[in-house]
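Structural description and commentary
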Amino acid sequence: MSVSHIDSGQDTSLPCCHLIESNRCRLCRFVTVMAYLNDVEEGGETAFPVANNDTYNIHRLRRSTKMNLNRHCDDANLMVKPEKGKVVIWYSHFIDEDSGWLGDVDPYSLHGGCPVVKGNKWIANRWINVSPDKEVDLKYT
């Protein structure tokens with residue numbers, strides 16, 4: 001199973017990984033652009049287990065077995081079927097109302113890959129990273 005990153009619960013005092021070369025950093029992926037490069041015969045969906053779930057509770061979800069997408073992929077609220085040429089885009093963070101920049105992690109962006117039952121799956125990802133400091137990021141664009 002291929003599972004994408006999960007940003008929640010990270011120490012926000014750590015610098016963003018894309019700004020330094022260190023293992024002591026956090027992911028600051030604001031946008032993910034994922035393209036399916038081939039059709040998959042069966043399986044291989046990208047699952048968003050808690051998308052559009054108003055009763056979402058991370059502690060309850062982690063205690064349950066639903067985070068195991070090998071067994072519970074079909075229980076996800078949103079599943080995207082892999083089809084050649086399809087592109088899926090999602091935001092991993094909210095916009096902070098005060099700064100107009102990187103805000104809290106959007107828990108609905110929790111996602112992962114369902115098992116490929118038949119065939120194979122090729123994807124391409126482009127992560128758009130930002131730091132909590134708008135001025136630092138604008139300096140490097």
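Basis of the calculations
Residues numbered from 1 in each chain as written. Predicted model: local features only at pLDDT ≥ 70, side-chain atom pairs only at ≥ 80, totals over all residues. Heavy atoms only, no water. Pairing = 2+ DSSP bridges. Helix = DSSP H or I, 4+ residues; strand = E, 2+ residues; numbered from the N terminus. Phe/Tyr/Trp six-rings, centres within 6.5 Å; stacked < 30°, edge-to-face > 60°. Buried < 20%, exposed > 50% of the residue type's maximum accessible area, 1.4 Å probe, protein only.

It is worth spelling out the sheet that holds strand E8 (residues 112–113) at this point. Strand order in the open sheet made by the 3 strands is E4-E3-E8, with antiparallel pairing throughout. At either margin of the open sheet sits one strand with a lone partner, and together these are strand E4 (78–80) and E8. Here strand E3 (residues 46–48) pairs with E4 via 3 bridges, running antiparallel. Pairing of Ala47 across the sheet is with Met79, part of E4.

Counted according to the given criterion, the structure contains 2 aromatic pairs. Taken together, a centroid distance of 5.3 Å and an interplanar angle of 65 degrees make the contact between Phe30 and Tyr91 edge-to-face. Here the residue Phe30 occupies a position in strand E1 (residues 29–36), and Tyr91 occupies one in strand E5 (residues 87–91), the gap between them amounting to 61 residues. Taking relative accessible area as the criterion, Tyr91 reaches 49% and is therefore assigned partly exposed. When the ring of Phe48 is compared with that of Trp90, the centres are 5.1 Å apart and the planes differ by 85 degrees; the resulting orientation is edge-to-face. Highlighted residues: Phe48 in strand E3 and Trp90 in strand E5, separated in sequence by 42 residues. Both residues of the pair, Phe48 and Trp90, count as buried.

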